[in-house]
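Read off the chains here:
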Amino acid sequence: MRRSYAIITGCVRFMMNVLWRLEICGKEKLKNMENCIIAANHISAYDPPFIGSIIPIEIHYLAKWELFKNKLLAAILLSLNCIPIKRGKVDKNAITRVKIVLRKNRSILIFPEGTRKSSRVKSGIGKFALETKTDICPVYVENSTDFWGCFLGRKRLRIIIGDRIKADEFKAWEANKENYQKLSQYVMEKIFELKNEC
């Protein structure tokens, strides 16, 4: 892991512990986060750095293209392995870059809902997993929107790590739009099943 990445994620992790009273469930599974798609629910703008900071390896992230309009922010995001993606259209450049990351046996964080303002599961994560035959690790995030509740001790920021969804489970599926959506929906169901695990 690069020193700059380690410093930034370490600072975020310290903040999570002190201010958000972080609780990680399934912590032992963090040792096995290589070469997978990390799939999580998305409720806060803090979710990407929060999830990324608890994973002991460098990962990649998808980030909306609009964030890269600011040159300083763009430089920071790129240094943190963020890949810009244009929403609402087929972004072939972003798709290609994600596939390259996965075929190099690296990991990337993707939100099946696409954005925290959406309640509809998108087919993108299914497309990436099916076309690259990559395992998926479901993650559930709770209370990342409630800073004061966590800070005042009423709640905790909880991040629950689930068991891998092995590529063997869907490797025989045909790569088409119907199955992309079917797999994405299945992943989202697995994410929400984690809510009551601990």
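For the structure, check the block above.
Conventions used here
Residues numbered from 1 in each chain as written. Predicted model: local features only at pLDDT ≥ 70, side-chain atom pairs only at ≥ 80, totals over all residues. Heavy atoms only, no water. Disulfide = S-S within 2.5 Å. Buried < 20%, exposed > 50% of the residue type's maximum accessible area, 1.4 Å probe, protein only. Salt bridge = Lys/Arg side-chain N within 4 Å of Asp/Glu carboxyl O. Helix = DSSP H or I, 4+ residues; strand = E, 2+ residues; numbered from the N terminus. Contact = heavy atoms within 4.5 Å. Pairing = 2+ DSSP bridges.

**Examining the state of the cysteines**
Among covalent bonds in proteins, the disulfide is the one between the sulfur atoms of two cysteines. Applying the stated criterion across every chain, the model contains zero disulfides. A disulfide-free cysteine, Cys11 has its sulfur positioned 17 Å from the sulfur of Cys82, the nearest such atom. Of all cysteine sulfurs in the structure, the one in Cys36 sits closest to Cys137, which takes part in no disulfide; the separation is 5.4 Å. Judged by relative accessible area, Cys137 falls into the buried class, the value being 2%.

**Observations concerning the pattern of salt bridges**
Where charged atoms from two side chains of opposite charge come close, those side chains can pair. Taken as a whole, this structure holds eleven salt bridges when the rule is applied. Between Glu131 and Lys127 there is a salt bridge, with its nearest N and O atoms 2.9 Å apart. With Glu131 and Lys127 both in helix H5 (residues 124-132), this residue pair falls four residues apart, about one helical turn. For Lys190, the salt bridge goes to Glu193, with nearest N and O atoms at 3.7 Å.

**A look at the environment of Ile165**
As for its position among the elements, Ile165 is in the loop between strand E7 (158-161) and helix H7 (177-193). Taking relative accessible area as the criterion, Ile165 reaches 3% and is therefore assigned buried. For the pair Ile165 and Asp135, spaced 30 residues apart in sequence, the C-alpha separation works out to 5.7 Å. Every residue in contact with Ile165, bar those within four places of it in the chain, is listed here: Asp135, Ile136, Pro138, Phe170, Tyr186, Val187 and Lys190.

**Remarks on the pairing of strand E6 (residues 135-142)**
Across the eight residues of E6, eight count as buried, placing the element largely inside the fold. The alternating pattern of E6 places Asp135, Cys137, Val139 and Val141 on one face and Ile136, Pro138, Tyr140 and Glu142 on the opposite face, and all of these are buried. Pairing of strand E2 (residues 36-40) with E6, which is carried by five bridges, proceeds in the parallel orientation. Each bridged residue has a counterpart across the sheet, and for Cys36 the counterpart in E6 is Asp135. Sheet topology places E6 next to E7; four bridges connect them, and they run antiparallel. Directly across from Val139, in E7, lies its bridge partner Ile161.

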